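Coordinate inspection notes
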Amino acid sequence: MDKELRSRQWFGRKGKDGFIYRAWMKNQGIPAHELQGKPVIGICNTWSELTPCNAHFRELAESVKHGIYEAGGFPVEFPVMSLGETLIKPTAMLYRNLVSMDVEESIRANPIDGVVLLCGCDKTTPALVMGACSVNIPTIVVSGGPMLTGKYRGHDISTSDVWRFSEAHRSGKMSDDELFTAEACMTRSRGHCAVMGTASTMACMVESLGLTLAENAAIPAADSRRKVLAHLSGSRIVDMVKEDLKLSDILTRKAFENAITVNAAIGGSTNFVIHLLAIAARIGVDLTMDDFNNVKNIPLLANLQPSGKYFMEDFFYAGGLPALMKELHNELHSGIITVSGNPIEDNYVRSECFNREMIATLDNPFNETAGIVVVKGNLSENGAVLKPSAASPSLMKHTGKAVVFENIEDYKAKIDDPKLNVDESSVLVLKNVGPKGYPGMPEVGNMSIPKKLLEKGVTDMVRISDGRMSGTGFGTVVLHVSPEAAIGGTLAIVQDGDIIKLDVAAGLLEVELSDVEINERKKRLELPGNLTGRGYVWLYQTHVEQAHLGADMDFLKGGSGSGVLRDSH
Ligand code: FES
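Note that the structure is a prediction, hence the values are computed from the model and not measured.

Within the protein chain one finds 18 helices and 14 strands. The C-alpha radius of gyration computed for the protein chain amounts to 24 Å, which stays within 12% of the reference 25 Å derived for 569 residues, consistent with globular compactness. For the protein chain, the residues scored as buried account for 61% of the 569 residues in total. Here the contacts in the protein chain between residues at least 6 apart in sequence split such that 76% fall between residues at least 24 apart. Looking at the protein chain as shown, the accessible area adds up to about 21900 Å², and 50% of this sits on carbon and sulfur atoms.

Here you go:
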């Protein structure tokens, strides 16, 4: 180890300052030798009982600590704000950037030489990686792992069934009691959502980027091998510090391209786009929406809900992400260094697939349609996204009349109104649920089918919004429309009855209006402005960027390195 440890600036000092830095650490019962030249490893913990998906993280942190001690490091666990997708209001996405600030400043301000990020529920992964990128010290990610598959009346279930159960309940096919019983059957173990929703997508993202040890993505939270992975990651980060292997050494443009390829083949969440763009901008890699359109030749290999049949537990038993990446070998960049210090292919070349129905081959894929398609046009000049594998093939080219909801309250008031002028060919349009407009871009883009159509057996319609969709959701849903309605994007001027044209193959999203008409309507627009004049929400609404840039705050892009701002002691 040639480079002096960062932590020496604190614990290696003589005189009063060194006394203070060491003395207060010793009140935790830490012997002097732990603070004498050992790499100090931060364990950034998003444990919270309000984030049920991460509620087992204190135990996981203990496994990480065992590994750190074993390799000669000294662990220091610290909390950051946690984001529980199910409880936090108005939406966890509003706080992703706030958590990233917490992570960045907590790492930089403290005597930490390397850091282990404990990530789980959706936003906790991108938030922690974004924050760490802006500091850029040796970093390894450990995901919390998915829940065991839910079991309900003889059926396997998980989060995607929330939408199915909800529709069944609304149409009277499922009773209150049945719905209540299903709750406990679905979430029967520790861990995050067990489908290829956003949390699992993020776990695959960090593994394919090279930020984790192999197999991180799919080992169930309840499986003892999750603890083994945490232990080994704790050992490995100590060596990463000795090798000075930083995030910027791993997160090259090719690593991001690999992640995009893998995401196509797993049928990952549309949220992948927004989070990957934000991470790339923090580490200084020039990634754009168009990069997500460059994998049209990649078919769907993972037969996982919501695009397929199986669950993350099955994915692990079938060989997990290494087995899938082995299939993609010729489509991936080789030689990209991961946290292991070795090329990415070392993570998967020796893996095996144990269930070809679960992980298909490139020659015989589960579905030819995969990835995330970016559609552009006068309705989304900067792009919008759609996940073809979760959409209806019959609606991929569709023209229909707009049924417009001005905001979420308008939508809730009207969607089940029998007088709503809507039929199955209509296009549902929801405005003002974008980054600035809501604020925080909630997961409401997969609007419910109007009750009267649901009762007629309609199961999918084209839906368009500037919001997001849960990674567990499905349908022909166009999301992340940029520019959003709240800043005067064309979405804002769409009216009931306007003709909207979606052509996914052609990458097109248009409203059939002349430029003159669009401009006339825009002149009459009144923009909503900030919801509040103070606090974090004001800061967010004032500085958040559009979805096609990752919805980070403008002043957070890039990084400030690992040097402390001032040294007053
Ligand atoms: Fe936490 Fe789904 S609610 S991952």
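Now that the structure has been shown, the text picks up again.
With that settled, consider the sheet that holds strand 3 (residues 114-119). Taking strand neighbours across the sheet as the criterion, the 4 strands line up as 2-1-3-4 in an open arrangement whose pairing is parallel. Every interior strand has two partners, whereas the edge strands, strand 2 (74-79) and strand 4 (139-143), have only one. Strand-to-strand twist across the sheet, computed as the mean angle between neighbouring axes with direction ignored, equals 20°. Across 6 bridges, the pairing between strand 1 (residues 40-45) and strand 2 is parallel. Across the sheet, the residue bridging to Asn45 is Pro79, located in strand 2. Strands strand 1, strand 2, strand 3 and strand 4 of the sheet are contacted by helix 3 (residues 57-70), whose axis makes an angle of about 160° with strand 2.

Looking now at the pattern of salt bridges. All told, the structure shown has 38 salt bridges when counted by the stated rule. Linking Arg108 and Glu105 is a salt bridge whose minimum nitrogen-to-oxygen distance equals 3.3 Å. With Arg108 and Glu105 both in helix 4 (residues 93-109) and 3 residues apart, this pair spans about one turn of that helix. Assessed through its relative accessible area of 8%, Arg108 is described here as buried. Between Arg170 and Asp416 there is a salt bridge whose closest N-O contact spans 2.5 Å. In this pair, Arg170 is assigned in helix 6 (residues 160-170) and Asp416 in the loop between helix 15 (408-414) and strand 10 (427-430), connecting sequence segments 246 residues apart. Via salt bridges that share partners, Glu85, Asp122, Lys123, Glu443 and Arg468 belong to a single interconnected network.

With that settled, the discussion passes to the pairing of strand 12 (residues 477-482). In terms of burial, strand 12 is a largely internal element, 6 of the 6 residues being buried. Relative to strand 12, strand 11 (residues 462-465) runs parallel, the two being bridged by 2 bridges. By the bridge assignment for strand 12, Arg463 is matched with Val477.

The contact between helix 6 and helix 7 (residues 176-186) brings their axes to 10 Å, and the two run at 175°. On the basis of the axis angle, helix 6 is roughly antiparallel to helix 7. Two secondary-structure elements touch here, helix 6 through Asp161, Val162, Phe165 and His169 and helix 7 through Asp176, Leu179, Ala182 and Met186. Grouping the constituent residues of the contact of helix 6 with helix 7 by class yields 5 nonpolar, 1 polar and 2 charged.

Turning next to the side chain of Thr490. By the element assignment, Thr490 lies in the loop between strand 12 and strand 13 (499-503). Take Thr490: its relative accessible area is 1%, and that puts it in the buried class. A polar atom in the side chain of Thr490 sits 3.0 Å from the backbone oxygen of Asn378. Engagement of the side chain of Thr490 in a polar contact is seen with the side chain of Lys522, the distance being 3.2 Å. Discounting residues that sit within four places of it in the chain, Thr490 has contacts with Asn378, Leu379, Glu381, Val511, Ile518 and Lys522.

Leaving glycine aside, a negative phi is the common case for residues, and trans is the common case for peptide bonds. The peptide bond linking Lys89 to Pro90 adopts the cis configuration, its omega dihedral lying at 5°. Its location among the elements puts Pro90 in the loop between strand 2 and helix 4. In this structure, the amide linkage connecting Gln305 to the following residue, Pro306, adopts the cis form with an omega of 10°. If you check the backbone angles, Arg153 has positive phi at about 50° while not being a glycine. Located in the positive-phi region is Met441, a residue other than glycine, with phi close to 60°. Note on placement: Met441 falls in the loop between strand 10 and helix 16 (451-454). On the basis of relative accessibility, which here comes to 0%, the residue Met441 falls in the buried class.

Rules of the game
Residues numbered from 1 in each chain as written. Predicted model: local features only at pLDDT ≥ 70, side-chain atom pairs only at ≥ 80, totals over all residues. Heavy atoms only, no water. Helix = DSSP H or I, 4+ residues; strand = E, 2+ residues; numbered from the N terminus. Rg over C-alpha atoms; globule rule 2.2 N^0.38 Å. Buried < 20%, exposed > 50% of the residue type's maximum accessible area, 1.4 Å probe, protein only. Contact = heavy atoms within 4.5 Å. Areas by Shrake-Rupley, 256 points an atom, 1.4 Å probe, with all protein chains shown as cover. Pairing = 2+ DSSP bridges. Axes fitted to C-alpha atoms, helices over the stretch in contact; angles between N-to-C directions. Salt bridge = Lys/Arg side-chain N within 4 Å of Asp/Glu carboxyl O. Parallel < 35°, antiparallel > 145°, perpendicular 65-115°, else oblique. Nonpolar A, V, L, I, M, F, W, Y, C, P; charged D, E, K, R; others polar. Polar contact = N/O pair within 3.5 Å; in protein donor to acceptor, adjacent residues only side chain to side chain.

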